[in-house]
Amino acid sequence: MVTGSGTAIATEDFGTLADGTPVHRWTLERDGTRVRVLTYGGIVQSVEVPDRDGARAGVALGLPDLAGYERFTGPYFGALVGRYANRIGGARFELDGRTHRLTPNEGRNQVHGGARGFDKRVWRAREVAGGVELSLVSEDGEEGFPGRLAVSAAYTLDEGGALRITYRATTDAPTVLNLTNHTYWNLAGDGSGSALGQVLRIAAGRITPADAESLPTGAFLPVAGTRFDFREPVPVGAGYDHNFVLDGTGPAAELYDAASGRVLTVTTTEPGLQLYTADHFDGRPFGPCAGIALETQHFPDSPNRPEFPSTVLRPGEESVSTTVYGFTVR
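Here we summarise the structure given alongside this text. Source: prediction; values computed, not measured.

When helices and strands are counted, the protein chain shows one helix and 28 strands. Here the C-alpha radius of gyration of the protein chain, 19 Å, is about what a compact globule of 330 residues would show, namely 20 Å. Counting the 330 residues in the protein chain, one finds 56% classified as buried. Sequence-distant contacts, at least 24 apart, represent 64% of the contacts inside the protein chain between residues at least 6 apart. Accessible surface, the protein chain as shown: approximately 12,800 Å² in total, 49% of it carbon and sulfur. Both charge centroids of the protein chain, one from 30 positive and one from 40 negative side chains, sit 1 Å from each other.

The next point concerns the pattern of salt bridges. Note on pairing: side chains with opposite charge can pair once their charged atoms come close. Applying the stated criterion to the full structure yields 20 salt bridges. Here arginine 30 makes a salt bridge to aspartate 31, at a shortest N to O gap of 3.7 Å. A residue is classified by how much of its surface remains accessible, and aspartate 31, at 49% relative accessible area, is partly exposed. For the salt bridge of glutamate 254 with arginine 330, the shortest nitrogen-to-oxygen distance reads 2.9 Å. Of this pair, glutamate 254 sits in strand β23 (residues 253–256) while arginine 330 sits in the segment after β28 (319–329), and the two are 76 residues apart along the sequence. One network of salt bridges, in which partners are shared, links Glu29, Arg34, Arg36, Glu48 and Arg56.

Summarising burial for strand β25 (residues 272–276): five of the five residues are buried, a large majority. With burial as the criterion, each face of β25 is covered, one bearing Gly272, Gln274 and Tyr276 and the other bearing Leu273 and Leu275. Of the strand pairs in this sheet, β25 and strand β26 (residues 292–297) are connected by five bridges, and their pairing is antiparallel. Across the sheet, residue glycine 272 finds its bridge partner in β26, namely glutamine 297.

Here we take up the sheet that holds β25. The strands making up a sheet are joined through hydrogen bonds of the backbone, oriented either antiparallel or parallel. Strands sit in the order β17-β26-β25-β22-β19-β20 across an open sheet of six strands; the sheet is antiparallel. Whereas interior strands pair on both sides, the edge strands pair on one side only; in this sheet they are β17 (184–185) and β20 (221–222). With two bridges joining them, β17 and β26 adopt antiparallel strand pairing. In the sheet register, tryptophan 185 faces β26, and the bridge partner there is isoleucine 292.

Our focus in this paragraph is the sheet that holds strand β3 (residues 33–38). Spatially, the five strands line up as an open sheet ordered β1-β2-β3-β4-β5, and their pairing is antiparallel. The sheet is open, and its two edges are formed by β1 (8–16) and β5 (56–58), each paired on a single side. Adjacent strand axes in the sheet meet at a mean angle of 15 degrees when their direction is disregarded. Direction of pairing for strand β4 (residues 44–50) relative to β5: antiparallel, over a ladder of three bridges. Its bridge partner being in β5, proline 50 is matched across the sheet by arginine 56.

Next up on the list: the packing of aromatic side chains. In the structure shown here, the tally under the stated rule is 15 aromatic pairs. Grouped by ring-pair contacts, the aromatic residues Phe77, Tyr184, Tyr276, Phe281 and Phe286 constitute a single cluster. Over the ring of tyrosine 240 we find arginine 227; its NZ or CZ atom is 4.5 Å from the centre of that ring. Cation over ring: arginine 330 sits above tyrosine 256, and NZ or CZ is 4.5 Å from the ring centre.

What follows deals with unusual backbone geometry. The omega torsion across glycine 82 and arginine 83 is 5 degrees, close enough to zero to call that bond cis. A cis amide bond links arginine 284 with the next residue in sequence, proline 285, at an omega value of 5 degrees. Counting through the fold element by element, proline 285 comes out in the loop between β25 and β26. Backbone geometry places aspartate 31, a non-glycine residue, at a positive phi of 50 degrees. Note on placement: aspartate 31 falls in the loop between β2 (22–30) and β3. Here the phi dihedral of histidine 112 falls at roughly 55 degrees; this positive angle occurs in a residue that is not glycine. Mapped onto the elements of the fold, histidine 112 is located in the loop between β10 (110–111) and β11 (124–128). Assessed through its relative accessible area of 7%, histidine 112 is described here as buried.

A separate point is the nonpolar core. Tyr155, Trp185, Ile202 and Leu275 are the most contacted members of the largest nonpolar core, which has 53 residues in total. Every residue in contact with isoleucine 202, bar those within four places of it in the chain, is listed here: Phe230, Arg231, Phe244, Leu246, Ala252, Ala253, Leu273 and Leu275. The next biggest cluster of nonpolar side chains, apart from the first, holds 24 residues, and it includes Phe14, Val23, Phe286 and Ala290.

So, about the environment of glycine 78. Among the structural elements, glycine 78 can be located in the loop between α1 (66–71) and β6 (80–81). Relative accessible area serves as the criterion here: at 0%, glycine 78 is assigned to the buried category. It is 3.8 Å that separates the C-alpha atoms of glycine 78 and threonine 183, two residues lying 105 residues apart in sequence. Here glycine 78 is in contact with Gly42, Ile43, Val44, Asn181, His182 and Thr183, once residues within four sequence places are set aside.

Definitions and limits used
By convention here, each chain's residues receive numbers from 1 onward along its written sequence. Confidence filtering applies because this is a predicted model: local features only for residues at pLDDT of at least 70, side-chain atom pairs given and counted only at 80 or more, and all residues used for totals across whole chains, interfaces and linings. Neither water nor hydrogens contribute to the side-chain values; these are computed over all heavy atoms in the structure. Secondary structure elements are taken from DSSP: a helix is a run of H or I of four residues or more, a strand is a run of E of two residues or more, and numbering for both begins at the N terminus. The quantity called the radius of gyration is restricted to C-alpha atoms. Its globule counterpart is 2.2 Å times the number of residues to the power 0.38. Type-normalised accessible area, obtained with a 1.4 Å probe on protein chains alone, sets the label of each residue: buried when under 20%, exposed when over 50%, and partly exposed for intermediate values. Two residues form a contact once any of their heavy atoms are found within 4.5 Å. Values of accessible area rely on a 1.4 Å probe in the Shrake-Rupley scheme; residue burial ignores everything except the protein chains shown. Residues scored as charged are limited to Lys and Arg (positive) and Asp and Glu (negative), so that His and the chain ends carry no count. Here the site of a charge means NZ on Lys, CZ on Arg, CG on Asp, or CD on Glu. Should a side-chain nitrogen of Lys or Arg be within 4 Å of a carboxyl oxygen of Asp or Glu, the pair is scored as a salt bridge. Strands are labelled as partners when DSSP assigns at least two bridges between them. Where helices are involved, their axes are fitted lines through C-alpha atoms of the stretch in contact, as for all axes, and angles between N-to-C directions lie from 0 to 180°. Whether two aromatic rings pair depends on their centres lying within 6.5 Å, for rings of Phe, Tyr and Trp, where Trp uses its six-membered ring; planes under 30 degrees apart make the pair stacked, over 60 edge-to-face, and the rest tilted. Here, a charge over a ring means that NZ of Lys or CZ of Arg falls within 6 Å of the ring centre while also lying within 35 degrees of the ring normal. Think of a nonpolar core as a cluster: buried Ala, Val, Leu, Ile, Met, Phe, Trp, Tyr and Cys residues, connected wherever their side-chain atoms sit within 4.5 Å.

Quick look at the structure:
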């Protein structure tokens, strides 16, 4: 069906998980953009947009079936990540004088919400203007996090075919929260190989440097004169898994593929952006650097870093965060 917003919306069965839980796929289409979202993990399975000649191709790494997503969990292909995206050092944090011990799932640390984060949950879905809203309740103590959290993510298409994701959450006890989408982008299209060489700009004059465990040291490093300087567009190279401190003016990032002419513009209300070039991909199912993740989020390990923007959510408050992925050609 086509809603009053101008977005065509359809839903269909997408199979069942190994435990028998059914999963559905929602398809949104508007102004040349087609997006498919799964109720499993809030996964953006595909994003199809035209090139400068009008030929549409997929620009987000996705898998064809549910079994693939159950098998390849580590890359978080297209997933909605939470409760806490990125890392929390020592899988623990202190809040209001109480220490909360989390489920470690990367050595001694927790990454992307733990062993069964939001990427492995089946979300409830309902149609909203311009798209679909997914929601779930994360009970007090899940993966060690305090508070009963009610969270939703609305995936909608704006005029021009931009994908907007709006996250909302409330809690009944003080907790921490950091949500993101983990799509890998390759603007050259399906089966095009490495995304390295596509041209990237990030509106960030600093990064939060990390140690050997990919945890921030607490310092802020100016990007000037370093390989982290993407303030002017430069081809992406390998070896990035770093948080950029966004300047907060204009788009957070822009990715451009010269061959197809496709441009991805990312705008966000978040203070940080994690650039990840997926160097570790081994060909199962994608090769090294087959996609570039641009994860809009708060900084890694913020619950243990009072100098970072706070990720604390308290009863009576509502967390609202929006990221928009716009598509054009040049």
